Amino acid sequence: MKRLALAATVFVALNPFAAHAAFTFTEIMYDAPGTDTKHEWVEVYNDGTAVDLATYKFFENGSNHGLTLHAGNATVAGYAIIADDAATFVADFPSYTGAVFDAAFSLSNTGETVSLRDASLVDVATATYTADVGAAGDGNTLNFVSGSWVPRTPTPGTAAASGGTTPTP
């Protein structure tokens, strides 16, 4: 029995996948009111081990977009924002104090599938949204609540409005 416990301890200590990041997309601003240029962003939530998100890629429209830290800490456990224009996001949401990463992208106003990829370009989180769900140009974002996308007032850095849950990947 002692050998089994020792073997399990050694496996956990040597296995880099024993403790891992667990990302989920939690909010998407895909169609801000008026011109949405520079106002698009996604929120991810890591409920696992903190990781340097600057080594990851945001995959959208067939491209791997690099992530450049704009504000906060690149090592993320909890919420982080990936913005088409980080300076615009910070101006739009001045009370947000978490990690903000800049990436050059343009989300489809009709819907698409996006992914967060680790340094090896392995998808660690994927989300698909469509305009049919809502939040098309009305100031709302899509919030991931109880396994579904729901249009709600933007809540960057916090769980979805009442009745919402922090999703599990």
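Residues numbered from 1 in each chain as written. Predicted model: local features only at pLDDT ≥ 70, side-chain atom pairs only at ≥ 80, totals over all residues. Heavy atoms only, no water.

Draft legend 1. Local environment of the sheet that holds strand S6 (residues 75-83). Strands sit in the order S5-S7-S6-S2-S1-S10-S11 across an open sheet of seven strands; the sheet is mixed. The open sheet has two free edges, formed respectively by strand S5 (68-71) and strand S11 (148-152), since each of these has just one partner strand. Adjacent strand axes in the sheet meet at a mean angle of 35 degrees, parallel and antiparallel pairs treated alike. Direction of pairing for S5 relative to strand S7 (residues 99-102): antiparallel, over a ladder of three bridges. Looking at the pairing, Leu-69 lines up with Phe-101 of S7. (Pairing = 2+ DSSP bridges. Helix = DSSP H or I, 4+ residues; strand = E, 2+ residues; numbered from the N terminus. Axes fitted to C-alpha atoms, helices over the stretch in contact; angles between N-to-C directions.)

Draft legend 2. View of the sheet that holds strand S8 (residues 111-117). Read across the open sheet, the four strands follow the order S4-S3-S8-S9; overall the sheet is antiparallel. Either end of the sheet is taken by a strand with one partner, and the two such strands are strand S4 (63-66) and strand S9 (123-130). Each strand of the sheet is rotated relative to its neighbour by a mean of 25 degrees, with strand direction disregarded. Bridging between S8 and S9 involves seven bridges; their strand directions are antiparallel.

Draft legend 3. Region of interest: the nonpolar core. Grouped together as the largest cluster of nonpolar side chains are 30 residues, with contacts concentrated most on Phe-23, Phe-25, Leu-53 and Leu-116. At the level of secondary structure, the elements contributing two or more residues to this core comprise strand S1 (23-29), strand S2 (41-52), S6, S7, S8, S9 and strand S10 (141-145). The contact partners of Phe-25, leaving out residues within four places of it in the chain, are Val-42, Glu-43, Val-44, Phe-58, Val-114, Ser-115, Leu-116, Ala-125, Thr-126, Ala-127, Phe-144 and Trp-149. Counting residues in hydrophobic clusters, the runner-up holds ten residues, among them Ala-83, Ala-86, Phe-93 and Tyr-96. (Core = buried A, V, L, I, M, F, W, Y, C linked by side-chain atoms within 4.5 Å. Buried < 20%, exposed > 50% of the residue type's maximum accessible area, 1.4 Å probe, protein only. Contact = heavy atoms within 4.5 Å.)

Draft legend 4. Local environment of the pattern of salt bridges. One pass over the full model with this rule turns up one salt bridge. Put simply, Arg-117 and Asp-123 hold a salt bridge, and the shortest N to O gap is 2.5 Å. (Salt bridge = Lys/Arg side-chain N within 4 Å of Asp/Glu carboxyl O.)

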